[in-house]
Amino acid sequence: MRKAFIIIILAATGLLTAGCGAVGLVKSGDVAKGKTLYMSKCASCHVLKDAGSTGVVGPNLDDSFGPDYCQGFSEQTVRDVVRGQIAYPEMPMPADLARGNDANDISMYVASVAGKGYDCTTYAGAS
């Protein structure tokens, strides 16, 4: 689990330092549609409490983004990281999972629920 967290942080850092210029900021999207798309395209691989998904291939999104919120990252940042991961996936995540508005919708949904309610007292970087 710690390895997955480190991978997410490294990926997020890379995307943030690259400016995420190719996909831009996710400013709008349909959260309800995003949840439906998440269930059909992402839930089989990723754990996400709100969706009730229990995938084991990809990282647990609650555990991945919870510490980010503990550090003060904004929901906008999480949206943009998720969008960047969809646009530029690394194996085993498939390419072309979602594009355009569908990818924005998924990003809006995931950022709105992933890691929310995370117990920051269990986060190793908590003061």
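All of these numbers come straight from a predicted model, not from anything done at the bench. (Residues numbered from 1 in each chain as written. Predicted model: local features only at pLDDT ≥ 70, side-chain atom pairs only at ≥ 80, totals over all residues. Heavy atoms only, no water.)

1. Examining the pattern of salt bridges
Just so we agree on the cut-off: Each salt bridge in this description consists of a side-chain nitrogen of Lys or Arg and a carboxyl oxygen of Asp or Glu lying within 4 Å of one another. By definition, any uninterrupted DSSP run of H or I lasting at least four residues is a helix, any uninterrupted run of E lasting at least two residues is a strand, and each is numbered from the N terminus. For every residue, the accessible area (1.4 Å probe, protein chains only) is compared with the maximum for its type, and the residue is labelled buried under 20%, exposed over 50%, or partly exposed between those bounds.
This structure, assessed with the given rule, holds six salt bridges. The residue Arg79 makes a salt bridge to Glu75 at a minimum N-O spacing of 4.0 Å. Taken together, the residues Arg79 and Glu75, both in helix α4 (residues 75-87) and four residues apart, mark about one turn of the helix. Between Glu75 and Lys116 there is a salt bridge, with its nearest N and O atoms 2.7 Å apart. Here Glu75, found in helix α4, pairs with Lys116, found in the segment after α5 (100-113); they are 41 residues apart in sequence, far enough to count as distant. Note on Glu75: relative accessible area 27%, which makes it partly exposed. In this structure Lys116 comes out as partly exposed when scored by relative accessible area, which is 40%. Three or more residues joined by partner-sharing salt bridges are found here, namely Lys33, Asp102 and Asp105.

2. Things to note about the confidence of the model for the chain
A low pLDDT score tells you not to read the predicted coordinates there in detail. Selection rule: Values of pLDDT, ranging from 0 to 100, describe the predictor's confidence in every residue of the model. For this analysis, residues touch if any pair of their heavy atoms sits within 4.5 Å.
Averaged over every residue, the pLDDT of the chain is 86; the share at 70 or more is 80%. Of all helices and strands in the chain, the one with the weakest mean pLDDT is helix α1 (residues 2-18) (52), whereas helix α2 (residues 31-41) scores best (98). Confidence over residues 15-21 falls short of pLDDT 50; this stretch has five contacts with residues more than four positions distant or in other chains.

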